Each structure stands twice: as C-alpha cells, then as structure tokens.
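Fold and geometry: a report
Here is how the chains run, residue by residue.
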2 protein chains.
Amino acid sequence: MGLDHAATKPHEALSAVLADDMAAVNDLIQDRMASEHAPRIPEVTAHLVGAGGKRLRPMLTLAAAKLCGYDGPYHVHLAATVEFIHTATLLHDDVVDESTQRRGRPTANLLWDNKSSVLVGDYLFSRSFQLMTETGSIDVLRILSNASATIAEGEVLQLTAAQDLRTDESVYLQVVRGKTAALFSAATEVGGVIADADPAHVQALYDYGDALGIAFQIVDDLLDYQGDTKATGKNVGDDFRERKLTLPVIKAVAKADDTERAFWVKTIEKGKQDEGDLDHALSLLNKHDTLEATRQDALKWTEKAKAAIATLPEHKIRSLLSDIADYVVARVS
Amino acid sequence: MGLDHAATKPHEALSAVLADDMAAVNDLIQDRMASEHAPRIPEVTAHLVGAGGKRLRPMLTLAAAKLCGYDGPYHVHLAATVEFIHTATLLHDDVVDESTQRRGRPTANLLWDNKSSVLVGDYLFSRSFQLMTETGSIDVLRILSNASATIAEGEVLQLTAAQDLRTDESVYLQVVRGKTAALFSAATEVGGVIADADPAHVQALYDYGDALGIAFQIVDDLLDYQGDTKATGKNVGDDFRERKLTLPVIKAVAKADDTERAFWVKTIEKGKQDEGDLDHALSLLNKHDTLEATRQDALKWTEKAKAAIATLPEHKIRSLLSDIADYVVARVS
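Bear in mind that the values here come from a model prediction, so they are computed numbers and not experimental data.

Reading the values: the criteria
- Residues numbered from 1 in each chain as written.
- Chains lettered and ligands numbered in written order.
- Predicted model: local features only at pLDDT ≥ 70, side-chain atom pairs only at ≥ 80, totals over all residues.
- Heavy atoms only, no water.
- Helix = DSSP H or I, 4+ residues; strand = E, 2+ residues; numbered from the N terminus.
- Contact = heavy atoms within 4.5 Å.
- Least-squares fit on C-alpha atoms with pLDDT ≥ 70 in both.
- Phe/Tyr/Trp six-rings, centres within 6.5 Å; stacked < 30°, edge-to-face > 60°.
- Buried < 20%, exposed > 50% of the residue type's maximum accessible area, 1.4 Å probe, protein only.
- Core = buried A, V, L, I, M, F, W, Y, C linked by side-chain atoms within 4.5 Å.
- Buried area = accessible area lost by both parts, 1.4 Å probe.
- Salt bridge = Lys/Arg side-chain N within 4 Å of Asp/Glu carboxyl O.
- Polar contact = N/O pair within 3.5 Å; in protein donor to acceptor, adjacent residues only side chain to side chain.
- Axes fitted to C-alpha atoms, helices over the stretch in contact; angles between N-to-C directions.
- Parallel < 35°, antiparallel > 145°, perpendicular 65-115°, else oblique.
- Left-handed = near helix turned anticlockwise from the far one by under 90°.
- Nonpolar A, V, L, I, M, F, W, Y, C, P; charged D, E, K, R; others polar.

Attention now moves to the environment of A64(A). Residues and elements named next belong to chain A. Mapping A64 onto the fold places it in helix 4 (residues 56–67). Considered as a pair, A64 and H288 are 224 residues apart in the sequence and their alpha carbons are 40 Å apart. Leave out the neighbours within four places in its chain, and A64 touches T188, G191, G192 and L205.

So this is what it looks like as structure tokens:
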C-alpha cells in the first residue's frame, strides 16, 4: 500500500491531534462506569476498558465533530456513549460465542461468569443511553438507538445464518453492517449531527463510517485465516472451528465442486471437524484464490470510505481519516 | 382484606377502562417486535409476550397518563417501551438464573438457547429506546434510561449479595428497588411527565409506583415459601434451592441461634442442601414467624402506595390504582 510502517500509524496521529478530548472521554468513562452499590460492575468494565484497544470508535466521533467545527462539550459524551455500547456488545458477544480470549487476555465471562457479563453489559448499555440523554439531542438519540437495534439484529441474524451454507455475500454484508458497521457509521454521523453540520456532510460522514466499518470487519475475517497470531492476538482458524461462515469461505463455497461442497457440509454445517481439516480448508481458499478476492472487496470499501470523506472540506483530520481507511486494509497487504 | 374475589379483579377492571389504549399498545408491540432480517427475533419475543402475563406495567403508564388528563398519542409508545424493557429483562434474567420455567411455560433459553435470549433481549432493549425517542421528550428518556441502569445495577447487586448471609434488609430493599420497583416507578412517572402534570402529582405517581413495586416483589418472595403452585405457577422453595436471600430468610437469619445459623450457612452460603432441608427451612421461618412479618412489610408498602395516589385528584382510575395496591397483598392474605 506504500504506507511507511515505521512512521506513526494514522490512528495514533489522530489520537495525538485529539489528545485533550480523548483524555476527557477517558475521564468520563471512568466516572460513569462506577456503581455506588455494585462494585462488580466497575471491576468487570475495567478489565475490558483497561485492556486498551485502540478506542477507534470514540475517536471517530470526536474527529467527525471537530472536522465539522464543533466547539461544544457534548462530542465527549457521545464518544463515551459509543465506547460503552461497544463494550456492552463485546461482553455479550463473548457470552454468545463462549469466547475465552479477548485482546490477548481472558474474557470477563471466563474470569467472572456469564451472568456478570450479561448484566454488566446491560448496565453499560443503560449508561450509554443516560449519557446521550445529557446531550439533549433527540436526533442523536434516534441515530444511536437505531444503531443499537441494528447491531442486535445483525448478531441474531449471524446466529441463524452461521452454519448454513446458503448464506451468501448479501447476507454476509447484512450481518457485517449490523455487527460492526452500524456503530462505526453512527459514531461518525452523530459527530456531524452534534456539530449541526450540513446534511450532505452528515451523510458523507455516515457513508465513511459505514464503508470503513465494513472494510474493518472484512479484514478481521481475513486475518482469521492468514493472520500472525502474535500481531493479531487471534488464532488462525478460530472462525473455522466456530463454524462461522465468513467471506473467504462463502466465496469458496460458491466455487466448490461436489467433493469440496461435501467437505464444507461436513465441517461447517455438521461441525464434524477432524485433524487436518483446517489445513484442507485453507488449501481450498487458496485453490479458489478467495483470500485475495476478499482483500479486493475490503479495498473496494476502503475506496468508498475515502471517496465519502473527500467530499468534506479540506482539514488535517480529514486527511487522517482518509489515511485510517488505507491503514485498515494495509494490515493484510 | 375485605376484597371480594368473586368480583372483577381491580387490574382487570382497569384493563377494561383502558381497553382501547391497551389494544393500541398490543398493536404497537406486535409491529415493533418484528424484524425484517432475523425471524428468530419475533419468534422468541412472541413466545414470551404471547404467554400473556397481566401487562401490569404498561397499564400503569396508560393509567397515570389518563389520570393526569393526557389526550395525546405517546402514552401508548411509553407503555410499549415499558413492556419491551420488562420483556428484555425477563429474557436476560432467565439466562442469569438458568431458569427452565416462566409463566408455566418453558423459558426461551430452554426452547432456543442462551445466545438467542441474550441477543433478542438486547434487540428489545434497543427497540424500547427507539420507541421513547419517538415521543420527542428528553425528560422521558432520562427517566427511563435511569430506570434501566438501576434495574441492571440491582441485578448485579443481587448476584453478589445472594448467598451472602451478611445481606440485610437494607440491601434487600436496594435489590428490590432495582430489579422490580425501578420499572414500576418509571412506568407511572413517565405517564405523568408525558401529560405535563403538576410536579407534585408526578412525584406522587413515582412514589406510588415505587411502593407498589416493592410490595409486589415482597409478596412474590413470600409466595415462593407459601404459594400454591397451581395458582402461582411457581414451585414452593425455588428461591431456597437457588440460594436466594429473600426477606423471609433474611428475617430468620437475623433471629437465628448458633445451630440455626449453621444450617443457613450450610444450605445458603455453601449450597449443601439435603433432603428435608427445605422443610427444616420452612419450620425455621414459622418458628420466628417471619412469613407474617414479611406480609406486614408488604402491607406497609401497600399503605404507602395508597397514601401517595390519594394526593391526586379524585378519578375512577385513581380508585382502581388504589385497589390494585390492596390486591397485590391480598394474594397472600
């Protein structure tokens, strides 16, 4: 991609530009994850929030607001809202997926229990709505409650579409829009809305977040088959073992002959996986070149994200958002 | 209690007075529990919503709004919101409690799986926020998001306070306010707020809902030890088997001698329950007369509820709300 990996990464550069606001978001998160009565809540939350992560989603909200010239206080509330929704989703996802590792650490459901993850997730979700209520903006509440519903719907759809070989690329896109892109696009959109930006600019911010989120998830699904465990904190083949139909496999199923199809039915639909099956799955992905085709799809969404953000006025933050879109796919170049 | 059980029950009489509005709430619930993409969502929701229940909470919202002279359309949205929050909570509770029965039918987590219950609960919770956003009232959003946070906090507190013999009546009250009363009081309060009622009347509606919810939960906990399975759909001793410290046991622990205390430590804290232990627990509750003391507490909260609602102007609905408070405790007379 021609990016110089020795240089500062674009999300780190953006984080530096937004350093004061990011610090305010962190303070607000610390403040609002407290619970007077139930100390279990901040314990569980701190485990996840403290594990870091790039805080990409709240940063997108701050960036969008600043890019649109906002100088009020509420972009900080909205950024914390977005991070709380994200954290609540992760807690529930790990219960649903029975995950044991997240960001290279044991998951909350493993360290405490499923009950705590479900209920603390509910608490953070409620807290996120309290935070957005403080902005006094019904538009913002509408956007973020729509996003929350889309996220949950995408997760349920994934539950029923997984392990079903009829799942095609359009269903995959719907799932990805739900589970990942909905929060990205809401994050950027509310930044524009709180700044009272021109509707065309708000739409462009939405389109940028939507395309960036889709690219991000496609790359994540790609890394599951070709990632470096040390760099990604994921094990190659987790999705295969969990029988998740992601884009590389969906493309391979579409091109499968009868023997190959029988293999996918056995391993994904019926879940009968024997030693060597992951290697065979990888060989089928390579045979049909679906990892490269998947990367090309991610690149296409990156270009859409960059085209959308390019319609906004010239700004240092605009350039960094454009670079972030490149960087997301550069992880698999 | 002097109530004639052959006559129409007061919540049925109120439901009749509010029949048109209740029908509108049902229609709105049917409409909003749909999902274009994920049919699993209405399946799971219909199982629970279709099982009936008295729809007491949404009825309280409609009643409060009407009592305050409201003639707009949004009390219907708020009533559906309250029912969605309640349903989401039930779905998550049954996962947390690993319950197999609810309202005399198998639970959703049993019929489908925990994953579906967690995610459909999240969906309904998001839907509830979408519905309230449509009212355009920030006050309503603030009240209901605060209630949601209090509910989740109460559930987490219950998780950590259960099986801990140090849990006293004040912690019990906090848990009950969270898990039950917070939604009752929010349900009645938002009815007043949407009607733009006098602040003193809004406060009285809040106090009524709070006291009614506490009485309701105390009676529920009492019925667990003295209920008639056929009438309540619950089995006597479920809370004991699940090692939940409810008011009758908390009162018995407070009066326990050393031998009795050892019994509670063994059965509740350590969870070592042998045949005959439930009978012995019941004999200890009877010895210290804690079932009657618990009923007296419920009656006290009933009186508080009635006193609060009595400050509102004379109205047919006001009388029925007062009768409902009596009826809640009449179940254990």
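Picking up where we left off.
Take the relation of the copies chain B and chain A next. In screw terms, the move from chain B to chain A is a rotation of 180° and a rise of 0.0 Å along the axis, fitting with an RMSD of 0.0 Å. Expressed as an axis order, the relation between the two copies is that of a two-fold axis. When the interface residues of chain B are mapped onto chain A, 100% of them again fall at the interface, so both copies present the same face.

Each aromatic ring pair is summarised here by two numbers: the centre-to-centre distance and the angle between the ring planes. All names here are of chain A. Scanning the model with the defined rule gives 10 aromatic pairs over all chains in all. Taken together, a centroid distance of 6.5 Å and an interplanar angle of 15° make the contact between F240 and F263 stacked. Pair noted here: F240 is in helix 12 (residues 238–241) and F263 is in helix 14 (residues 258–269), with a separation of 23 residues, a long-range link. F263 shares its class with F240; the two are buried.

Ranked by internal contacts, the top residues of the largest apolar core, which has 224 residues, are Y208(A), W264(A), Y208(B) and W264(B). Not counting the four nearest positions on each side in its chain, Y208(A) is found in contact with L60(A), T188(A), A305(A), A308(A), I309(A), L321(A), I324(A) and A325(A).

Turning our eyes to something else, we now look at helix 3 (residues 40–49) of chain A. Along helix 3 of chain A, seven of the 10 residues are buried, which leaves the element largely enclosed by surrounding structure. Those residues of helix 3 of chain A lying buried are R40(A), I41(A), V44(A), T45(A), H47(A), L48(A) and V49(A).

Let us now look at the side chain of T167(B). Residues and elements named next belong to chain B. Along the chain, the position of T167 falls in the loop between helix 8 (138–161) and helix 9 (169–194). On the accessibility criterion, T167 (11% relative accessible area) is buried. Sequence-distant contacts of T167, defined by excluding residues within four places in its chain, comprise A161, Y172, L245 and I250.

Contacts between the two partners involve 38 residues from chain B, matched on the other side by 38 residues from chain A. Together chain B and chain A conceal approximately 3700 Å² of surface at their shared face, both sides included; 74% is due to carbon and sulfur atoms. When the buried surface of chain B facing chain A is broken down by residue, H37(B), L119(B) and E153(B) rank first, second and third, together holding 16% of it. The interface formed by chain B and chain A includes zero salt bridges. Between chain B and chain A we count 10 residue pairs in polar contact (both at pLDDT 80 or more) in total.

Let us look at the packing of helix 7 (residues 114–133) of chain A against helix 8 (residues 138–161) of chain A. Pairs of packed helices are described in terms of their axes, by the angle between the two and the distance that separates them. All names here are of chain A. Packing of helix 7 against helix 8 brings their axes to within 10 Å, and their N-to-C directions diverge by 160°. Between helix 7 and helix 8, the angle is such that the two are roughly antiparallel. Crossing hand, helix 7 versus helix 8: right-handed. Facing F125, F129, M132 and T133 of helix 7, the residues of helix 8 in contact are V140, L141, L144, S145 and S148. Residue composition of the contact of helix 7 with helix 8, by class: six nonpolar, three polar and no charged.

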